[in-house]
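# Tertiary structure, described
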Amino acid sequence: GKIIRDVMSRGELGIIEKGKNDLQTEADRSAQRCIMASLLNQFPTLNIIGEEGPPSNCEVPSDWVVTDADTSVLGMECPNEYLQVSDEDIVVWVDPLDGTSEYTQGLLEHVTVLIGISVKGKAVGGIIHQPYFNYKSNDALPGRTMWGLVGLGVGGFTPVDPPKNQLIVTTTRSHSDGLVQKALDALSTNEIIKVGGAGYKVLLLMEGKANAYVFASRGCKKWDTCAPEAILTALGGQLTDIRGEKYSYDKDVTFPNVGGVFATAKGEDHKFLINKIPSDIRDVLI
Ligand SMILES: Nc1ncnc2c1ncn2[C@@H]1O[C@H](COP(=O)(O)O)[C@@H](OP(=O)(O)O)[C@H]1O
Ligand SMILES: [Mg+2]
Ligand SMILES: [Mg+2]
Ligand SMILES: [Mg+2]
């Protein structure tokens, strides 16, 4: 988070266009090198897949290598289902900066860092760091880190139930198209909140701001959804494609979430909401 704030305050973003409407900045590159180097330093054989490519250059300044750990989390009891997990069963999905488009436009609250952990293809552990949380207030350090482990719970924030008797849906603000809009129209929403980043949208679901996150597009990748899915699931919500099928996060999967993203907050009827999406929309995203 500090690396991301430092790149912004230096003002040289070093923007590279990876594809249509798909930017990478020095903050994306540096944050990924920091995370990869730190994880590989402690776990040299770990399977890690990062948005900005394989860990080719892990030469990083020594103060970028994180070696400390959150002792309050480590002090908790590991759920039984993870006691026998072997290294080969684990894949870590890294999105060093989610919401790059919003970052370059100064919508800094939308930016998150996502580290997702899958075990045998299931998204079970997630960390969402929000580097600019509270950055406008003078009396607090900016940034917060939230985590979730399915079977254990969540931490780093106070969950709030979603709005009652309304349908507030969050979706993309920078990657919309006709199909994305058609799916939203089919839901007859009370309100649509357009914000950047898969991480930030799932935070809206967990902090009582929205009931569902709907994105009828192939644009999101496994690193966008692994960490958010895990935290949301640990809290009792769900994240699937727009047909209700779960994604696999094992190391051989293809990166794009070709079936779109459909996530609901704790207590929502996921299947009921999915069934409002007409089959002609669902059939495009296969
Ligand atoms: N059409 C598209 N092309 C490239 N990336 C897309 C995309 N649609 C969504 N994404 C990626 O999915 C994430 C969430 O998108 P959105 O903010 O539009 O909801 C972003 O991650 P990154 O910012 O990490 O690249 C974004 O780049
Ligand atoms: Mg990107
Ligand atoms: Mg992303
Ligand atoms: Mg990213």
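Note that this is a predicted model, so its numbers are computed, not measured. (Residues numbered from 1 in each chain as written. Chains lettered and ligands numbered in written order. Predicted model: local features only at pLDDT ≥ 70, side-chain atom pairs only at ≥ 80, totals over all residues. Heavy atoms only, no water.)

The subject of this paragraph is the environment of Cys34. Relative to the elements of secondary structure, Cys34 occurs in helix H2 (residues 26-42). A relative accessible area of 13% means that Cys34 is categorised as buried. Expressed as a C-alpha distance, the spacing of Cys34 and Val66, which sit 32 residues apart in the sequence, is 7.9 Å. Contact partners of Cys34, with chain neighbours within four places excluded, come to Ile3, Val60 and Trp64. (Helix = DSSP H or I, 4+ residues; strand = E, 2+ residues; numbered from the N terminus. Buried < 20%, exposed > 50% of the residue type's maximum accessible area, 1.4 Å probe, protein only. Contact = heavy atoms within 4.5 Å.)

Take the site of ligand 1 next. Of all residues adjacent to ligand 1, which total 19 residues, the nearest are Gly99, Thr172, His175, Gly197 and Lys201. Contact distances for ligand 1 include 2.9 Å between an oxygen atom and a backbone N or O atom of Thr100. Residue His175 places a side-chain N or O atom 2.5 Å away from an oxygen atom belonging to ligand 1. Burial of ligand 1 by the protein amounts to 89% of the accessible area it has alone, namely 540 Å². Those elements that provide at least two residues to the shell around ligand 1 are strand E4 (90-98) and helix H6 (198-206). When the residues that make up the shell around ligand 1 are grouped by side-chain class, the tally is four nonpolar, eight polar and seven charged. (Near = heavy atom within 4 Å. Polar contact = N/O pair within 3.5 Å; in protein donor to acceptor, adjacent residues only side chain to side chain. Areas by Shrake-Rupley, 256 points an atom, 1.4 Å probe, with all protein chains shown as cover. Nonpolar A, V, L, I, M, F, W, Y, C, P; charged D, E, K, R; others polar.)

The next subject is the coordination of the magnesium ion (ligand 3). Within the first shell, the magnesium ion (ligand 3) binds the protein through Asp95 (OD), Asp98 (OD) and Asp224 (OD), at distances of 1.9 to 2.1 Å. Donor residues for the magnesium ion (ligand 3), ordered by position in the chain, follow D-x2-D-x125-D. (Donors = N, O, S within 2.8 Å, 3.2 Å for Na, K, Ca; no water.)

The next thing to look at is the side chain of Thr225. Relative to the helices and strands, Thr225 resides in helix H7 (residues 222-235). Classification of Thr225 by relative accessible area gives buried; the value is 1%. Residues in contact with Thr225, not counting those within four places in the same chain, are Leu239, Tyr249, Asn257 and Val261.

Next up on the list: the nonpolar core. In terms of nonpolar packing, the biggest core is built from 53 residues, with Trp93, Met206, Tyr213, Val214 and Ile277 touching the most fellow members. Dropping the residues within four chain positions of it, Trp93 is found in contact with Ile49, Leu114, Ile115, Gly116, Ser118, Lys222, Trp223, Cys226, Tyr249, Asp250, Val253 and Phe255. (Core = buried A, V, L, I, M, F, W, Y, C linked by side-chain atoms within 4.5 Å.)

For the rest of this paragraph, the subject is the packing of H6 against H7. Angle between the axes and distance between the axes are the two parameters that describe a pair of packed helices. Contact geometry for H6 and H7: axes closest at 9 Å, N-to-C directions at 10°. The orientation of H6 relative to H7 falls into the category roughly parallel. Contact residues: Ala198, Gly199, Val202, Leu205 and Met206 in H6; Asp224, Pro228, Ile231, Leu232 and Leu235 in H7. For the contact of H6 with H7, the class distribution of residues is eight nonpolar, one polar and one charged. (Axes fitted to C-alpha atoms, helices over the stretch in contact; angles between N-to-C directions. Parallel < 35°, antiparallel > 145°, perpendicular 65-115°, else oblique.)

What follows concerns the sheet that holds strand E12 (residues 238-240). The strand order across the open sheet built from five strands is E10-E9-E11-E13-E12, with neighbouring strands paired in mixed fashion. For this open sheet the edge positions go to strand E10 (191-194) and E12, each flanked by a neighbour on one side alone. For this sheet the average axis-to-axis angle between neighbouring strands, irrespective of direction, equals 20°. Across four bridges, strand E9 (residues 168-171) lies against E10 in parallel orientation. Of the residues in E10, the one forming a bridge with Thr171 is Lys194. The strands touched by helix H5 (residues 178-186) within the sheet are E9, E10 and strand E11 (212-215), with E9 carrying the most contacts at an inclination of about 170°. Each of E12 and strand E13 (261-264) is contacted by H7, which is oriented at about 145° to E12, the strand it contacts most. (Pairing = 2+ DSSP bridges.)

On to H5. Three or more residues of H5 are buried, namely Leu179, Val180, Ala183 and Leu184. Looking down the long axis of H5, one finds its buried residues gathered within 140° of arc, a one-sided arrangement. Projecting away from the buried face of H5 at angles above 90 degrees are the exposed residues Gly178 and Asp185. Those residues of H5 hidden inside the fold are in contact with E9, E10, E11 and helix H9 (279-284). With a side-chain oxygen lying 3.1 Å from the backbone nitrogen of Leu179, the N-terminal cap of H5 falls on Asp177. Looking at the residues trailing H5, positive phi occurs at Ser188, about 35°. (Arc of directions from axis to C-beta.)

Remember, this is a structural readout, not a statement about activity or role.
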